[in-house]
Amino acid sequence: MKKVVTVKGVTIGEGLPKICVPMVGRTLDELLEEANFLQSLDLDVVEWRVDFFEDAENIDKIKTALQAIREVLVYEPIIFTFRNAKEGGEREVSKEFYFELNKTIASTKLIDIVDIELFNEEEEIQTLIDVARKNDVAVIISNHDFDKTPPKEEIISRLCRAAELGGDIPKIAVMPNSAKDVITLLDATCIMKEKYADRPIITVSMDGKGAISRLTGELFGSDLTFGAAKKTSAPGQISVADLRKIIQLLHNNL
């Protein structure tokens, strides 16, 4: 039986794909403005992309900001994500800082899910997963390729590797350079769902070409999609309202 991930009453891996909206404010004031605005949207999960934050290399200031965000977003599940530049993020930090930050934040019990990048040392990933488990924090293990779409077999391999490492939700996001690349991602997702996945997965084909991958998760197998509020955190994100309408429309006709 396929596992699911339930955080604050939201079950990922069951029913319609869940909608996550990233927060990308650079200052605490901007983040709080975003958090208040998000309360008016029909979303399921919030992701704080802390690499956008102006004090993203100050753990104490990150903790203070997170406490303030949580006071606004009391009931919404929060994914904590520091995306390094090599995976499409806003800045690059040392491995030591990356893991110290994520372990510290997971220990605050203020987040519900932590995003760990796949291409790191296995020992470091396992240590962070252990900290997350002890604090009832679920784990996304992710990989992002902003240049290309790898072959179907490679996409499946990376998702399987994320699961083998202990990720509750394996994730991959890739850049299409053609319509065929989008089909490659969707085919890999479908095969993963039907043959290998025993837990929720997230797959994304980015940019405008890949927008269809953000809408058709229920059919192909991706359990969470990312939508935009005011600002996007990745190319090709669609507004939350449009996402919800289209996902529901497709569901009604399946």
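Residues numbered from 1 in each chain as written. Predicted model: local features only at pLDDT ≥ 70, side-chain atom pairs only at ≥ 80, totals over all residues. Heavy atoms only, no water.

The following threshold applies: UniProt positions are given in the numbering used here, feature names are shortened, and annotations may be inferred rather than shown by experiment.
You'll find the protein entered in an unreviewed UniProt entry as 3-dehydroquinate dehydratase, with Alkaliphilus flagellatus given as the organism. Quoted verbatim from the Pathway (unreviewed entry) field of UniProt, the annotation for the protein is "Metabolic intermediate biosynthesis; chorismate biosynthesis; chorismate from D-erythrose 4-phosphate and phosphoenolpyruvate: step 3/7." Reading the Function (unreviewed entry) entry of the UniProt record for the protein gives the comment "Involved in the third step of the chorismate pathway, which leads to the biosynthesis of aromatic amino acids. Catalyzes the cis-dehydration of 3-dehydroquinate (DHQ) and introduces the first double bond of the aromatic ring to yield 3-dehydroshikimate."

Notes on the UniProt feature "binding site: 3-dehydroquinate" (unreviewed entry) in the protein
For the record, the criterion: Secondary structure elements follow DSSP: runs of H or I no shorter than four residues count as helices, runs of E no shorter than two count as strands, and numbering proceeds from the N terminus. Contact between two residues is taken to exist if any of their heavy atoms lie within 4.5 Å; hydrogens are not considered. Note on classification: 1.4 Å probe, protein chains only; a residue is buried when its accessible area is under 20% of the maximum for its type, exposed when over 50%, partly exposed between these limits.
Per the UniProt record, "binding site: 3-dehydroquinate" (unreviewed entry) is annotated on E47, W48, R49, R83, R214, S233 and Q237. Considering the arrangement of structural elements, one finds E47 in strand 4 (residues 45–49). Residue contacts for E47: discarding those within four places in its chain leaves C20, V21, P22, M23, I79, T81, R83 and F226. Residue placement: R49 occurs in strand 4. On the accessibility criterion, R49 (5% relative accessible area) is buried.

With respect to the side chain of E87
Put simply, the test is: Asp and Glu count as negative and Lys and Arg as positive, but His and the ends of the chain are not part of the count. When a carboxyl oxygen of Asp or Glu lies within 4 Å of a side-chain nitrogen of Lys or Arg, that pair is called a salt bridge.
Counting through the fold element by element, E87 comes out in the loop between strand 5 (78–81) and helix 3 (95–106). As a buried residue without a salt bridge, E87 has its nearest oppositely charged side chain in R83, at a separation of 5.1 Å. Dropping the residues within four chain positions of it, E87 is found in contact with E117, F119, S142, N143, H144 and F146.

Things to note about the packing of helix 1 (residues 28–38) against helix 2 (residues 59–72)
To keep it simple, the criterion reads: Axes, fitted as lines to C-alpha atoms, cover a helix only where it is in contact. Angles between the N-to-C directions of the axes lie from 0 to 180 degrees. Comment on the angle field: the value is read as roughly parallel under 35 degrees, roughly antiparallel over 145, roughly perpendicular from 65 to 115, and oblique elsewhere. Take the far helix as the reference: if the near one is turned anticlockwise from it by less than a right angle, the crossing is left-handed, and if turned clockwise, right-handed. Charged residues are taken to be Asp, Glu, Lys and Arg, nonpolar residues to be Ala, Val, Leu, Ile, Met, Phe, Trp, Tyr, Cys and Pro, and polar residues to be all remaining types, Gly included.
It is at 9 Å that the axes of helix 1 and helix 2 come closest, and there the two elements cross at 20°. Taken as axis vectors, helix 1 and helix 2 run roughly parallel relative to one another. As for how helix 1 packs across helix 2, the hand of that crossing is right-handed. On helix 2, the residues touching L28, L31, L32, A35 and N36 of helix 1 are A65, A68, I69 and V72. For the contact of helix 1 with helix 2, the per-class residue count stands at eight nonpolar, one polar and no charged.

Observations regarding the nonpolar core
One recurring pattern in soluble globular proteins: nonpolar side chains tend to sit buried together. The following threshold applies: Here, nonpolar core means buried Ala, Val, Leu, Ile, Met, Phe, Trp, Tyr and Cys residues that are tied together by side-chain atoms lying within 4.5 Å of each other.
Ranked by size, the top nonpolar core spans 48 residues in total, and within it M23, W48 and I116 carry the most contacts. Setting aside anything within four residues of it in sequence, one finds W48 in contact with M23, L31, F53, I62, A65, L66, I69, I79, F80 and T81. V45, I79, M206 and L224 belong to the second-largest nonpolar core, a separate cluster that totals 18 residues.

A closer look at helix 3
Using the following cut-off: To estimate how far a helix should reach, multiply one less than its number of residues by 1.5 Å.
Between its terminal C-alpha atoms helix 3 stretches 16 Å, which fits the 16 Å expected from twelve residues at 1.5 Å a residue. Of all the residues in helix 3, the buried ones are F97, Y98, F99, L101, N102, I105 and A106. Against the buried residues of helix 3 lie helix 2, strand 5, strand 6 (113–117) and helix 4 (122–134).

Observations regarding the packing of helix 2 against helix 3
Packing of helix 2 against helix 3 leaves a shortest axis separation of 11 Å and a crossing angle of 35°. Taken as a pair, helix 2 and helix 3 cross one another with a handedness that is right-handed. Here I59, I62, K63 and L66 of helix 2 lie close against helix 3, whose contacting residues are F97, E100, L101, T104 and I105.

Considering the state of the cysteines
How we decide: The disulfide definition used here is simple: a pair of cysteine sulfur atoms within 2.5 Å.
Per the counting criterion, the structure on display carries zero disulfides. Take C160: it sits in no disulfide, and the sulfur closest to it among the cysteines is that of C190, at 14 Å. Using a relative accessible area of 16% as the deciding quantity, one classes C160 as buried.

Overview of the environment of I247
Within the secondary structure layout, I247 lies in helix 8 (residues 240–252). Each C-alpha atom, one on I247 and one on G9, is 20 Å from the other, the two residues being 238 residues apart in sequence. Leaving out residues up to four positions away in the same chain, I247 has contacts with L16, P17, I19, R214, L215 and T225.

Here we look at the pattern of salt bridges
Counted by the stated rule, this structure contains 19 salt bridges. Between K86 and E92 there is a salt bridge, with the nearest N and O atoms lying 3.2 Å from each other. Here E92 falls in the partly exposed class, since its relative accessible area comes to 40%. Here E154 makes a salt bridge to R158, at a shortest N to O gap of 2.7 Å.

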